[in-house]
Amino acid sequence: MRQYPVRPLATALAGVDVALVGLFPGKDREYGAKLDLLAAAVRAQGGRVVSRHVQRRGVSAGGAARMAEPFSRRTLLSPGKAGEVARACRAAEVGVAVFLNPLTPHQRTVLTELFGCPVVSGVDLFPLSP
């Protein structure tokens, strides 16, 4: 397993190419604006957004009943989307992938290995103020 250097979250994005990733319910029409806010926060920390990846749940007929659920407990994403994002991250030599969604420690580990770069949640990087 490849080891990635641990950097403080406050400096994790400075000068780094970043991929944004989000899982959204099919009824969420504001997903683009949410990714725009995350992109602005990443840029404010010195990161360069080089790609955006969106997985929408419930757009097709079969997914409507499970719109709020992840596709996978390991990756949040469907296997096809996870592979697509992994290939894009590796091809662009992305330094960090930032998910809009909260991630468990296990999901971070699995996604980091799959994507070939550290994976964090925007919630970790930019916690909401109390």
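Up top is the structure these notes are about.
Residues numbered from 1 in each chain as written. Predicted model: local features only at pLDDT ≥ 70, side-chain atom pairs only at ≥ 80, totals over all residues. Heavy atoms only, no water.

Trainee: Whenever I open this one, the pairing of strand 1 (residues 17-25) confuses me. Can you help?
Mentor: For a regular strand, side chains alternate in direction, first toward one face of the sheet and then toward the other. The buried fraction of strand 1 amounts to seven of the nine residues, a majority that puts the element mostly inside the structure. As judged from the nine bridges shared by strand 1 and strand 2 (residues 48-57), these two strands associate in the parallel manner. Within strand 2, the residue paired with phenylalanine 24 across the bridge is arginine 56. As for the winding sense of the linkage, the β-α-β connection from strand 1 through helix 1 (residues 31-44) to strand 2 is right-handed. Sheet topology places strand 1 next to strand 3 (residues 96-99); four bridges connect them, and they run parallel. Each bridged residue has a counterpart across the sheet, and for valine 21 the counterpart in strand 3 is phenylalanine 99. (Buried < 20%, exposed > 50% of the residue type's maximum accessible area, 1.4 Å probe, protein only. Helix = DSSP H or I, 4+ residues; strand = E, 2+ residues; numbered from the N terminus. Pairing = 2+ DSSP bridges. Right-handed = clockwise from strand over helix to strand, strands pointing away.)

Trainee: Looking at this model, I keep getting lost on the environment of aspartate 36. Mind explaining?
Mentor: By the element assignment, aspartate 36 lies in helix 1. In sequence terms aspartate 36 and arginine 52 are 16 residues apart; their C-alpha atoms lie 9.7 Å from each other.

Trainee: Looking at this structure, how should I read the environment of valine 50?
Mentor: Looking at the element boundaries, valine 50 is found in strand 2. Valine 50 gets classed as partly exposed once you look at its relative accessible area, which sits at 39%. Sequence separation of valine 50 and valine 18 is 32 residues, and the distance between their C-alpha atoms is 5.8 Å. Once residues within four sequence positions are removed from consideration, valine 50 is found in contact with Asp17, Val18 and Val94. (Contact = heavy atoms within 4.5 Å.)

Trainee: Would you explain the pattern of salt bridges in this entry?
Mentor: Once the charged atoms of two side chains with opposite charge are near each other, the side chains can pair. The full count for this structure, using the stated rule, is four salt bridges. One salt bridge in this structure joins lysine 34 and aspartate 28, with 2.7 Å as the shortest N-O distance. The exposure class assigned to lysine 34 is partly exposed, which follows from its relative accessible area of 35%. With a shortest N-O distance of 2.7 Å, arginine 52 and aspartate 36 are connected by a salt bridge. Taken together, the positions of arginine 52 in strand 2 and aspartate 36 in helix 1 put the pair 16 residues apart, joining distant regions of the chain. (Salt bridge = Lys/Arg side-chain N within 4 Å of Asp/Glu carboxyl O.)

Note that all results are geometric; they support no functional claim without further evidence.
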